[in-house]
Amino acid sequence: MRIRGKYRQVIIDGTQLYSTRGELDGNSLYRIHQKGTEDEYQESYYYVLEAKLVLHPKIIVSFQTEFVENEDRKEMENQDCETM
């Protein structure tokens, strides 16, 4: 997957790894679903940002992974493609 025969393609991808309705550690991200109803619940999750090298359409290798941490303990309301 070289571009113009000499450049390697690197992609950046944000991925949610794990989610639960229970508590995770103090730096995990969370969302409140169905706000204001009696069915309201909190979903905690881990999210990573990765740099990946594309070797072939079916072969993509992660070479840098960074966990996104919630240092302010605020609810994450943005989608992964939006700025936080």
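Please refer to the structure higher up on the page.
**Section: the pattern of salt bridges**
When their charged atoms lie close together, side chains carrying opposite charge are able to pair.
Then, in step 1: Applying the stated criterion to the full structure yields three salt bridges.
Then, in step 2: A salt bridge links E43 to R31; its shortest N-O distance comes to 3.3 Å. Of this pair, E43 sits in strand β4 (residues 41-56) while R31 sits in strand β3 (residues 29-33); the two residues are twelve residues apart in sequence, bridging distant segments of the chain.
Then, in step 3: Among the residues examined, E43 registers a relative accessible area of 14% and is labelled buried.

**Quick notes on the packing of aromatic side chains**
Then, in step 1: Summed over the entire model, instances satisfying the criterion amount to zero aromatic pairs.
Then, in step 2: Sitting over the face of the ring of Y41, R21 holds its NZ or CZ atom 3.6 Å from the ring centroid.
Then, in step 3: The lysine or arginine in question, R31, covers the ring of Y45, its NZ or CZ lying 4.2 Å from the ring centre.

Reading guide: rules and limits
Residues numbered from 1 in each chain as written. Predicted model: local features only at pLDDT ≥ 70, side-chain atom pairs only at ≥ 80, totals over all residues. Heavy atoms only, no water. Salt bridge = Lys/Arg side-chain N within 4 Å of Asp/Glu carboxyl O. Helix = DSSP H or I, 4+ residues; strand = E, 2+ residues; numbered from the N terminus. Buried < 20%, exposed > 50% of the residue type's maximum accessible area, 1.4 Å probe, protein only. Phe/Tyr/Trp six-rings, centres within 6.5 Å; stacked < 30°, edge-to-face > 60°. Lys NZ or Arg CZ within 6 Å of the ring centre and 35° of its normal.

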